[in-house]
Amino acid sequence: MRTDLHGPLSAYAARLHATAGDGHHVASPLGAWLLLAVTATTADPATAEGGTAELAQALGTDLPSAAEVARTLLDAPHPLVGSATALWHRAGQGDGGPAAWQAALPSTTAVGALPDQAGLDAWAREHTLGLIEKFPLKVDWDVGFILASALATRVSWATPFDVADARALGANSPWAGRLRRALRSPSRGHRCAIVSTARAGDVIVHAAPAQTTDGAGLVVLSVAAAPQVPPAEVLAIAYDLSAGAADGAPPASSRSLFDLPLGETPLWTLTEERVHTWARDGREERHNAVLPCWSARNDHDLTAPALGFGAAVTTLATALALPVERFEARQTAVARFDRYGFEAAAVTGMAGVTSMPPEGVARTAELRFGHPYAVVAVATDAGADGTTGPWHGVPVFSAWVAEPEEVSEA
């Protein structure tokens with residue numbers, strides 16, 4: 001699965017983070033990509049009409065492959081990463097298309113009537129461990145359908161961080177003077193390395209594994225390059241290195257500390273001392289890392305053409321046989337990294353907005369029972385199989401209403 005998804009997802013992440021800019025932010029490229037891939041399940045792969053060609057370009061792979069990845073991930077959820085998807089449409093809208101698209105959805109994708117705003121907010125809270133309170137889109141009268149995804153995790157480190165004086169972040173760190181304490185990796189349990197890259201030269205890497213559940217775990221990878229390296233390059237390197245992070249092996253391009261000069265750089269300080277060691281050649285390498293705690297919350301506009309949601313809405317609208325005038329797509333993402341663990345969540349939503357219906361004529365009759373009238377109470381006695389019992393249609397009570405009463409204050 002990693003081989004099938006890693007390349008397309010890395011490329012998509014580069015585009016999504018580019019739209020978010022270079023400031024402090026968190027996002028879930030996977031949450032957005034999965035939403036596009038769920039849309040791919042509804043498409044007719046035999047035609048490039050209805051936005052499917054543009055959707056495949058955004059996904060970075062053909063639609064059947066993306067759809068299969070979505071079904072595989074969503075129908076076999078990870079124990080430490082909660083996931084959910086849902087497709088809602090207004091009653092009487094979107095019912096005219098062929099039924100095949102619904103059968104092609106991941107089996108865990110909920111399909112139903114479009115909730116009100118409170119219902120959407122409740123769905124976001126339920127599927128993000130309460131980390132996201134509000135759904136990222138608003139439900140107006142002209143929203144015909146919404147497709148949503150949610151991802152969430154809350155894990156504890158297998159080995160918690162130690163605490164260090166924030167000055168350990170380095171004399172040139174802009175954070176060293178603002179913080180009092182920082183995190184230091186424990187002597188065992190975390191992984192650190194200096195890695196040579198083609199994109200940015202040497203970078204530093206820290207990997208913190210979470211406690212596992214039935215063999216399933218989560219590793220949070222932190223990667224820093226020299227200060228002048230653009231954020232987009234560092235993010236791309238992090239995605240490249242993430243391909244092997246789950247296996248626990250050091251990156252193939254890890255540098256030996258004995259190939260580096262002693263002293264201080266913007267990324268590390270390298271010292272040497274005489275010790276007793278069992279290292280085969282008598283040269284032992286030790287690493288530790290100092291990181292700050294951090295948290296972030298962001299709302300992202302996903303309507304940029306490169307992110308593919310315009311094509312996704314067109315594709316889904318075609319499956320629903322629902323005319324769509326425009327679309328909205330947004331993601332809310334939150335994360336927190338601290339001494340004892342990591343938590344993060346994202347809700348991604350896209351909506352097809354219908355056009356104003358054609359102008360016509362409407363008549364409304366308000367029926368006024370303002371003088372004496374009759375009432376009959378009739379029993380119903382129908383079974384689920386369509387058969388009726390002896391009480392069905394029998395008038396049980398009747399009345400003539402000639403003395404009305406005031407509405408009770410209670």
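As a reminder, the structure under discussion sits directly above these lines.
## Side note on helix H2 (residues 29–40)
Link 1 in the chain: Compared with the 16 Å implied by 1.5 Å per residue over 12 residues, the 16 Å span of H2 between its first and last C-alpha is a close match.
Link 2 in the chain: The buried fraction of H2 is high, at 11 of 12 residues.

## With respect to the sheet that holds strand S3 (residues 143–156)
Link 1 in the chain: Pairing in this open sheet of 6 strands is mixed, and the strands run S2-S1-S3-S14-S13-S12 from one edge to the other. With partners counted over all chains shown, the strands left at the sheet margins are strand S2 (110–113) and strand S12 (294–301), one partner each. Recorded for the sheet is a direction-independent mean angle of 10° between the axes of neighbouring strands.
Link 2 in the chain: Strand direction decides the pairing type here: S3 and strand S14 (residues 341–353), joined by 13 bridges, are antiparallel. Along S14, the bridge assignment pairs alanine 150 with valine 347.
Link 3 in the chain: Each of strand S1 (82–89), S3, strand S13 (326–337) and S14 is contacted by H2, which is oriented at about 140° to S3, the strand it contacts most.

## Focus on the packing of aromatic side chains
Link 1 in the chain: Following the criterion strictly, the structure yields 8 aromatic pairs and no others.
Link 2 in the chain: Between tryptophan 123 and phenylalanine 135 the ring centres are 6.3 Å apart and the planes differ by 70°, which places this aromatic pair in the edge-to-face class. A residue pair is termed long-range when its members are at least 10 positions apart, and tryptophan 123 in helix H6 (residues 117–126) and phenylalanine 135 in the loop between H6 and S3 qualify at 12 residues.
Link 3 in the chain: By relative accessible area, which is 11% here, tryptophan 123 ends up buried.
Link 4 in the chain: The class for phenylalanine 135 is buried, based on a relative accessible area of 3%.
Link 5 in the chain: Pairwise contacts between aromatic rings join Trp157, Phe161, Trp294, Phe337 and Phe342 into one cluster.

## A short note on the sheet that holds strand S6 (residues 191–197)
Link 1 in the chain: Spatially, S6-S7-S8 is the arrangement adopted by the 3 strands of the open sheet, whose pairing is antiparallel. Of all the strands in the sheet, the pair left with one neighbour each is S6 and strand S8 (219–224). Taken over all neighbouring pairs, the strand axes of this sheet differ in orientation by 25° on average, direction set aside.
Link 2 in the chain: By the bridge criterion, 6 bridges tie strand S7 (residues 201–209) to S8 in an arrangement that is antiparallel.

## With respect to the packing of H2 against helix H8 (residues 309–320)
Link 1 in the chain: Relative orientation of the contacting elements H2 and H8 amounts to 30°, with a least axis distance of 9 Å. What the angle tells us is that H2 and H8 run roughly parallel. The handedness of the crossing between H2 and H8 is left-handed. Here Ala32, Leu35, Leu36 and Thr39 of H2 lie close against H8, whose contacting residues are Phe309, Ala312, Thr315 and Leu316.
Link 2 in the chain: The residue inventory of the contact of H2 with H8, partitioned by class, reads 6 nonpolar, 2 polar and no charged.

Rules used in this analysis
Every chain begins its residue count from 1, and numbering advances along the sequence as written. A pLDDT threshold of at least 70 governs which residues receive local features in this predicted model, and a stricter bar of 80 or more applies before side-chain atom pairs are shown or counted, although totals over entire chains, interfaces and linings include all residues. For the side-chain quantities, the full set of heavy atoms in the structure was used; hydrogens and water were omitted. Comment: elements are numbered from the N terminus, with helices defined as DSSP H or I runs of at least four residues and strands as E runs of at least two. Residue count minus one, scaled by 1.5 Å, sets the expected span of a helix. The classification of residues rests on relative accessible area computed with a 1.4 Å probe and restricted to protein chains. Under 20% of the type maximum is buried, over 50% is exposed, and intermediate values are partly exposed. Should DSSP find at least two bridges between two strands, the strands are regarded as paired. Every axis in this analysis is a line fitted to C-alpha atoms, fitted for helices over the stretch in contact. Angles between the N-to-C directions lie between 0 and 180 degrees. Throughout, a contact is declared for two residues whenever any of their heavy atoms are within 4.5 Å. Aromatic pairs are defined between Phe, Tyr and Trp rings, using the six-membered ring for Trp, whenever the two ring centres lie within 6.5 Å; interplanar angles under 30 degrees are classed as stacked, those over 60 as edge-to-face, and all others as tilted. Angle categories are assigned with fixed cut-offs, so that under 35 degrees is roughly parallel, over 145 is roughly antiparallel, 65 to 115 is roughly perpendicular, and the rest are oblique. We call a crossing left-handed when the near helix sits turned anticlockwise from the far one by less than a right angle, and right-handed when that turn is clockwise. Ten residue types, Ala, Val, Leu, Ile, Met, Phe, Trp, Tyr, Cys and Pro, are classed as nonpolar, four, Asp, Glu, Lys and Arg, as charged, and the remainder, Gly among them, as polar.

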